[in-house]
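Now for the letters of each chain:
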Amino acid sequence: MSKEDIKTSENTIEEKGFEFEGNYIRDEEEYDENYAPIFDQDAPENEKVKKEKKPKKKKKRKGLLKKIILTVVAAFFAISFLLPTILTFTNSFMSEQEINSNYGVIFNNYNDENDEGANKKYRTETVNLKLIPDKVVGSQYSSVLLKSPDYLMKFWNSVILTFPIMVFQVLLALGAAYSFARFRGRIREIIFFVYLMIMLIPYQVSLVPNYMVNSWLGLLDTRWSIILPGIFAPFSVYILTKHMRRIPESIIEAAKLDGANEWRIFWKIAVPLCKGPIASVAILVFIDYWNMVEQPLIMMSNNAYHPLSIFLSQINNGEIGLAFAVATIYMVPPILLFLYGEEYLADGIAYSGGVKG
């Protein structure tokens, strides 16, 4: 309908919900903005489109609100998990006097062993958690790194025990995993099932057999009593076997057609395709043995061989400040290793056995 033919009464326009001045439309802009939806033939379709856009806007608002809530919840849990680490790092720069005033109540011995009943005393003070020290002091680190060689000796004991276990366990696990993945058979399946059962057994259960074997081999009170059982742990074998079994058989058959033997297939195909799982296994093994406590306590009676993980639990009342500095130094290698291999760790966990294009 053309604009020249649109001459209607004021009542008709008001019934449609529009304000109308006079009996005629004044200009083209007024027609397009106010009256086109009434008289144009496509008006019903336009109104449907407008009605359909409203639910979409509501969905977008709900989705945005949901994302905001999930982000806040995730941030809360992230801060909660990181707070102990942040407190340890910041409190390591506190002075000894400030640390004793804030945390000394934890180490004070209120109860005497001979006190009974009404004579017993109970703690009424609360611990004052401080995120930022009043005065930044580096004396704790100078004492740990320069004045007390015992701390560094324990640190290097941890390094000497952990790195050989990580390296050789991964190397042996690669060979065993390739054998389990490539060559199937009833005997190999039984051996792999035994590996799985051993992996599910808590380490505390196997401490006595390990102690007896080390005693029979004459390895007690030596680092080999920790390193050798760690090298032959079944955890890495199980993880790498599961990933190597997902390598497409067509790739291996193509390599055989090109004249590759098993050794070349292992190093040129299987190992490169398992870089992610290898890195993730190495990181998990390192963190596990870096934090070990039971093995050194039982296998090594000589304190000179004990790692830093045991030393942290033996901090006495007069060295509270040193405990924060030692704990901070203790966290550095696992954090650096995780940051370096974070991409490989995520890739290894999400690995599905396909070939990336």
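None of the values given here were measured: they were computed from a predicted structure.

### Some words on the overall build of the chain
Logical step 1: What the chain contains, in helices and strands, is 17 helices and zero strands.
Logical step 2: Out of the 357 residues belonging to the chain, those deemed buried represent 32%.
Logical step 3: For the chain, the share of sequence-separated contacts (at least 6 apart) that also reach a separation of at least 24 residues comes to 74%.
Logical step 4: Accessible surface, the chain: about 23700 Å² in total, of which carbon and sulfur atoms supply 61%.

### Quick notes on the confidence of the model for the chain
Logical step 1: Here the chain averages 77 in pLDDT, while 73% of its residues score no lower than 70.
Logical step 2: Here helix H1 (residues 10-15) stands out as the element of the chain with the lowest mean pLDDT, 48, in contrast to helix H9 (residues 224-231), whose mean of 92 is the highest.
Logical step 3: Low confidence marks residues 352-357, where pLDDT is under 50. Its contacts with residues over four positions away, or in another chain, come to seven contacts.

### Notes on the packing of aromatic side chains
Logical step 1: Enumeration according to the criterion identifies 17 aromatic pairs in this entry.
Logical step 2: A ring pair is formed by Phe 155 and Trp 156, whose centres lie 5.7 Å apart and whose planes are at 80°; its orientation type is edge-to-face.
Logical step 3: Consider the rings of Phe 180 and Tyr 195, whose centres lie 5.7 Å apart with planes at 75°: the pair is edge-to-face. On the criterion of sequence distance, the pair formed by Phe 180 in helix H6 (residues 149-182) and Tyr 195 in helix H7 (residues 186-200) is long-range, its members being 15 residues apart.
Logical step 4: A connected cluster of aromatic rings, assembled from ring pairs, spans Phe 155, Trp 156, Phe 163, Phe 286, Trp 290 and Tyr 330.

### Thoughts on a nonpolar patch on the surface
Logical step 1: Taken together, the side chains of Leu 65, Ile 69, Val 73, Phe 76, Phe 77 and Phe 81 present a nonpolar region at the surface, about 650 Å² in accessible area.
Logical step 2: Among the structural elements, Phe 76 can be located in helix H3 (residues 43-91).
Logical step 3: According to the relative accessible area criterion, Phe 76 is exposed, its value standing at 54%.

### Considering H9
Logical step 1: Buried residues of H9: Ser 225, Ile 226, Ile 227, Gly 230 and Ile 231, and no others.
Logical step 2: Tucked inside the fold, the buried residues of H9 contact H6, helix H8 (207-217), helix H13 (275-290) and helix H14 (294-299).

### A closer look at the pattern of salt bridges
Logical step 1: Applying the stated criterion across every chain, the model contains four salt bridges.
Logical step 2: Across the salt bridge formed by Glu 262 and Lys 256, the nearest N and O atoms sit 4.0 Å from each other.

### A short note on the packing of helix H11 (residues 249-257) against helix H12 (residues 262-273)
Logical step 1: Put simply, H11 and H12 touch, their axes get as near as 10 Å, and they point 145° apart. In this structure, H11 crosses over H12, and the sense of that crossing is right-handed. In this structure, H11 uses Ile 251, Ile 252, Ala 255 and Lys 256 to contact H12, whose residues at the interface are Glu 262, Ile 265, Ile 269 and Leu 273.
Logical step 2: Residue composition of the contact of H11 with H12, by class: six nonpolar, no polar and two charged.

### Let's talk about the environment of Thr 241
Logical step 1: By secondary structure assignment, the location of Thr 241 is in helix H10 (residues 235-244).
Logical step 2: For the pair Thr 241 and Ala 176, spaced 65 residues apart in the sequence, the C-alpha separation amounts to 7.9 Å.
Logical step 3: In this structure, Thr 241 is in contact with Ala 177, Phe 180, Ala 181 and Phe 192, ignoring residues within four places of it in sequence.
Logical step 4: At 2.6 Å, the side chain of Thr 241 and the backbone oxygen of Val 237 are in polar contact.

### Considering the environment of Pro 296
Logical step 1: By secondary structure assignment, the location of Pro 296 is in helix H14.
Logical step 2: Remark: the alpha-carbon pair of Pro 296 and Thr 222, spanning 74 residues in sequence, is separated by 9.6 Å.
Logical step 3: Setting aside residues no more than four positions away along its own chain, Pro 296 makes contact with Ile 226, His 306, Pro 307 and Ile 310.

### A short note on unusual backbone geometry
Logical step 1: Here the phi dihedral of Asp 221 falls at roughly 65°; this positive angle occurs in a residue that is not glycine.
Logical step 2: On the secondary structure map, Asp 221 appears in the loop between H8 and H9.
Logical step 3: Judged by its relative accessible area of 33%, Asp 221 falls in the partly exposed class.

### Brief notes about the environment of Asn 291
Logical step 1: Of note, Asn 291 is situated in the loop between H13 and H14.
Logical step 2: Those residues within four positions of Asn 291 in sequence are excluded, and the remaining contacts are Ser 309 and Tyr 330.
Logical step 3: A distance of 3.0 Å separates the side chain of Asn 291 from the backbone oxygen of Ile 287, its partner in a polar contact.
Logical step 4: In this structure the side chain of Asn 291 is engaged in a polar contact, spanning 2.9 Å, whose partner is the side chain of Tyr 330.

Basis of the calculations
Residue numbering note: each chain is counted from 1, following its sequence as written. Only residues with pLDDT of 70 or above have their local features reported here, since the model is predicted, and side-chain atom pairs are shown and tallied only from 80 upward, although totals for entire chains, interfaces and linings are computed over all residues. With hydrogens and water excluded, all non-hydrogen atoms of the structure serve as input to the side-chain values. In this description a helix means any DSSP run of H or I spanning at least four residues, a strand means any run of E spanning at least two, and both kinds are numbered starting from the N terminus. Relative accessibility under 20% of the residue-type maximum defines a buried residue, over 50% an exposed one, and the middle range a partly exposed one, all with a 1.4 Å probe and only protein chains included. In what follows, a contact means two residues having at least one pair of non-hydrogen atoms within 4.5 Å. Values of accessible area rely on a 1.4 Å probe in the Shrake-Rupley scheme; residue burial ignores everything except the protein chains shown. The predictor attaches a confidence to each residue, called pLDDT, with possible values from 0 through 100. For Phe, Tyr and Trp, where Trp contributes only its six-membered ring, two rings pair if their centres lie within 6.5 Å, and the inter-plane angle classes them as stacked under 30 degrees, edge-to-face over 60, or tilted in between. Exposure above 30% relative accessible area and no salt bridge define the residues that can form patches, which grow by joining like charges within 9 Å and nonpolar side chains of Val, Leu, Ile, Met, Phe, Trp and Tyr within 5 Å. The salt bridge definition used is simple: a Lys or Arg side-chain nitrogen within 4 Å of an Asp or Glu carboxyl oxygen. In this analysis, axes come from line fits to C-alpha atoms, helices being fitted only over the stretch in contact, and the angle between any two N-to-C directions falls in the range 0 to 180 degrees. The crossing is said to be left-handed when, going from far helix to near helix, the turn is anticlockwise and less than a right angle, and right-handed when the turn is clockwise. Basically, the charged four are Asp, Glu, Lys and Arg, the nonpolar ten are Ala, Val, Leu, Ile, Met, Phe, Trp, Tyr, Cys and Pro, and anything else, Gly included, counts as polar. Polar contact criterion, stated in full: a pair of N or O atoms within 3.5 Å, where within protein one must be able to donate a hydrogen and the other to accept it, and residues adjacent in sequence count only if both atoms are side-chain atoms.

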